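# An overview of the molecular structure
In case you want the letters, here they are:
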Amino acid sequence: MDVLGNRGKCAQTCRLPYELIEENQNKLTSKLDKGYLLSTRDLCSLEYLPMLIDAGVTSFKIEGRMKSPEYVATVTKIYRKYIDLALDKTKKYEIENSDKIKLMQVFNRGGFSDGHLNSSENRKLVFKEKQNNMGLYFGKISKYNKNKGIVTLAAQTDLSVGDSITFEKEPTKYMVSELLDKNQNIKKASFNQIVSFGRMKGNINVGDKVYKIADKNLSDEAKNSYSKENIKNKLDCNLEIKQNQKIKVHIYCKQFNCKINYVYDYIPDIAQKASITKETIISKFNKTQDTEFEFENFDISLDDNLFIPVSVLNDIRRTGINMIREKIIQSFKHTDSQNLKLDMPFPEKSNKHNKPQISLLLNDLNQDFSKLEKVDKLYVPLKYFINDKYHNTLKYFSDNFNLYIYMPTIIREPKIELSKKIIEKTINEFNIKGIVISNLSQIKLLPQNNKNLDIVGNYTLNLYNTFSAKSLKNLNFGTVTISPELDENGILDLCNNPFEHNELIVYGKIPVMTMNYCVLGKSNKCYKDCKKLCYSNNKYFLKDRMGFLFRVVPDNLQTISTIYNTKTTSIDFDNFNVDFVRIDILDENIDEINNIINTVKNGKRFEGKDFTNGNLRREI
């Protein structure tokens, strides 16, 4: 799995096949499920557009990464149609089924999902059978001539010559070059019509499902919509055409407040026959069909009895349009960040390395910690402060360690007020030294009188560069945890930052994914008939096609799943001038935890096939 997904380097690991493995307390394992267990269906929000607009949404984003131009054209056209309909309060908001079929045809993974937009649980968020485009179900093979490759079935949707299909067990994409109805050639098949089509060979058998993967007519319609520019930006043009002078050109685009001025290197000739007219010039300048511009207003200063070839007029027009286009593009380019300077200088830390202190995160409290080695900070997840079962353990931590509340990455709306009350109750009941903030919104959950608390900014705040450091400094974080996504140079750059203390994770399994979905209950919210596997003491893993196991930790308070890396990060921190080194514990027993603490205290790292130095030696 890829921890770089939030910076556009996603390796599409959610589209890979996995097995869901359960391990009981005797280390015996069983397979609970298999397939594309993380592959979500595509979101379709047509039904929710009026609600979202009424809620104040002013911009809708359509995901089209690595999709075809035909996909983009079709989807944007349909969403434009229904956004306009939702805004028109004089008309009833109704969705035409033909538009949904078009959306399904251009791309879908096992149908559509409404994502997290509905208040009820979504048990159709993931489609585990197939990870790529399903197209439309076309039918089930009733006859198949293997020698000639002729497939016969009852059509469940329209199909035309030129469309493309695929088969349930054969990944090849085939274009339909002929259609037969009782040996008669036809151009199009309709619903429930018995049709045959040929030259289809591969892993194809009677009873297999067939899918229409592309519709030629729909693709042609989409291509026609973007083959030429339809939206025109208006231009004003001023021309000075004088005898014995080069032609002066001034073009202004009001929409982008951009203008260009240039002198075209041509001196008009004296006309031998017919002289050039303003009407001729305007007609040549109006030939902008293949561009995103059109001329609206002209101001032409033209001397009498001059001649200009048509080729020159065309070149003046093309040159001017290219120049104004480039000027508009340049106006949107970002300033080079290397030329920017922070107005707040970072304090230089001493070059002398003080021995860093140790922070310890305990993701699991289900063991005896009475022999736990001393550490400087102890982080315990918020969920344990809610459960009375862990009161004695927390009391022991409070009395013997500097205890911190470790906030989850996500707190869903119904649990926000509960979390705020739990924090207040915990601070009153235990000797809490600080809180680890994992999401900026959690600052609002802090008690008003929190001056005595050490506020730690977790790595999930993406402390990745000096600009993010400056922003976090203004939010009164005393300690920040440097992002584990950074390489060695990136960490070195952040060792001198504006915070009182910094922290670096040097040991632990790093979460590679946190998702609003439970792979055990197959839902984004809890529901009554769930088997509640998350309440057991068993452990759960996703096993990938290479045999690697990724630990899955469900959170039944939030219905959030955290998936951890298969390898444990262990890095040498001797070169880094940090105040705290952090150890993240997931499944280690007390003896292993103490060994890890002592190893880190001695400045060592763990070696072997089960360990990684993360991104330390990678180019980010």
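Shown above is the structure to which this text applies.
Each value, and the rule that gives it
- Residues numbered from 1 in each chain as written.
- Predicted model: local features only at pLDDT ≥ 70, side-chain atom pairs only at ≥ 80, totals over all residues.
- Heavy atoms only, no water.
- Phe/Tyr/Trp six-rings, centres within 6.5 Å; stacked < 30°, edge-to-face > 60°.
- Helix = DSSP H or I, 4+ residues; strand = E, 2+ residues; numbered from the N terminus.
- Buried < 20%, exposed > 50% of the residue type's maximum accessible area, 1.4 Å probe, protein only.
- Salt bridge = Lys/Arg side-chain N within 4 Å of Asp/Glu carboxyl O.
- Pairing = 2+ DSSP bridges.
- Axes fitted to C-alpha atoms, helices over the stretch in contact; angles between N-to-C directions.
- Contact = heavy atoms within 4.5 Å.
- Parallel < 35°, antiparallel > 145°, perpendicular 65-115°, else oblique.
- Left-handed = near helix turned anticlockwise from the far one by under 90°.
- Nonpolar A, V, L, I, M, F, W, Y, C, P; charged D, E, K, R; others polar.

### Concerning the packing of aromatic side chains
Throughout the structure, instances matching the rule amount to 19 aromatic pairs. Ring geometry for Tyr 137 against Tyr 211: centres 6.0 Å apart, planes inclined by 65°, an arrangement best described as edge-to-face. Taken together, the residues span a long stretch of sequence, with Tyr 137 in strand 5 (residues 136-145) and Tyr 211 in strand 14 (residues 209-214) at a distance of 74 residues. Note on Phe 606 and Phe 611: the rings are 5.4 Å apart at their centroids and 20° apart in plane angle, and the pair reads as stacked. Residue classification places Phe 606 among the buried residues on the basis of a relative accessible area of 17%. Taking the relative accessible area as the measure of exposure, Phe 611 reaches 23% and is therefore partly exposed.

### Comments concerning the pattern of salt bridges
Counted under the stated rule, the structure contains 37 salt bridges. The closest approach of N and O atoms between Arg 123 and Asp 529, which form a salt bridge, is 3.5 Å. With Arg 123 in the loop between strand 4 (112-113) and strand 5 and Asp 529 in the loop between strand 28 (511-515) and strand 29 (539-543), this residue pair connects regions lying 406 residues apart in the sequence. Note on Asp 529: relative accessible area 54%, which makes it exposed. Measuring nitrogen to oxygen at the nearest pair gives 3.9 Å for the salt bridge that ties Arg 582 to Glu 503. Here Arg 582, found in strand 33 (residues 580-585), pairs with Glu 503, found in strand 27 (residues 501-508); they are 79 residues apart in sequence, far enough to count as distant. Owing to a relative accessible area of 0%, Arg 582 belongs among the buried residues under this scheme. Members of the salt-bridge network, linked through shared partners, are Asp 33, Lys 128 and Lys 522.

### Overview of the sheet that holds strand 19 (residues 293-302)
With mixed pairing, the four strands of this open sheet are ordered in space as 17-16-15-19. In this open sheet, the two strands that pair with only one neighbour each are strand 17 (258-264) and strand 19. Going across the sheet, the axis of each strand differs from the next one's by a mean of 15°, ignoring polarity. For strand 15 (residues 233-241) and strand 19, the ladder comprises nine bridges, and the chain directions are parallel. Looking across to strand 19, one finds that Ile 241 is bridged to Leu 302. Where helix 5 (residues 278-285) meets the sheet, its contacts fall on strand 15 and strand 19, and the angle it forms with strand 19 comes to roughly 155°. Where helix 6 (residues 310-331) meets the sheet, it contacts strand 15, strand 16 (247-253), strand 17 and strand 19, and its direction lies at approximately 145° from that of strand 17.

### Observations concerning the sheet that holds strand 30 (residues 549-555)
Strand order across the open sheet formed by six strands is 2-1-29-30-31-28, with antiparallel pairing between neighbours. The open sheet terminates on both sides in strands that have one partner only, identified here as strand 2 (29-35) and strand 28. Across this sheet, the average inter-strand angle for adjacent strands is 25°, counted without regard to direction. Pairing between strand 1 (residues 18-23) and strand 2: six bridges, direction antiparallel. Residue pairing across strands places Glu 19 opposite Lys 34, the latter belonging to strand 2.

### Brief notes about the pairing of strand 8 (residues 164-167)
On any regular strand, side chains alternate: one points to one face of the sheet, the next to the other face. Across the two faces of strand 8 the burial is the same, with Ser 164 and Thr 166 and Ile 165 and Phe 167 all buried. Inspection of the sheet shows strand 8 paired to strand 9 (residues 174-175) by two bridges, in the antiparallel sense. Each bridged residue has a counterpart across the sheet, and for Ser 164 the counterpart in strand 9 is Met 175. Linking strand 8 back to strand 9 in an antiparallel pair, the connection comprises six residues.

### With respect to the packing of helix 2 (residues 69-87) against helix 3 (residues 97-106)
It is at 10 Å that the axes of helix 2 and helix 3 come closest, and there the two elements cross at 155°. Relative to helix 3, the element helix 2 lies roughly antiparallel. Relative to helix 3, the crossing made by helix 2 is left-handed. In this structure, helix 2 uses Tyr 71, Thr 74, Val 75, Ile 78, Tyr 79, Lys 81 and Tyr 82 to contact helix 3, whose residues at the interface are Asp 99, Lys 102, Leu 103 and Val 106. In the contact of helix 2 with helix 3, the residues fall into seven nonpolar, one polar and three charged.

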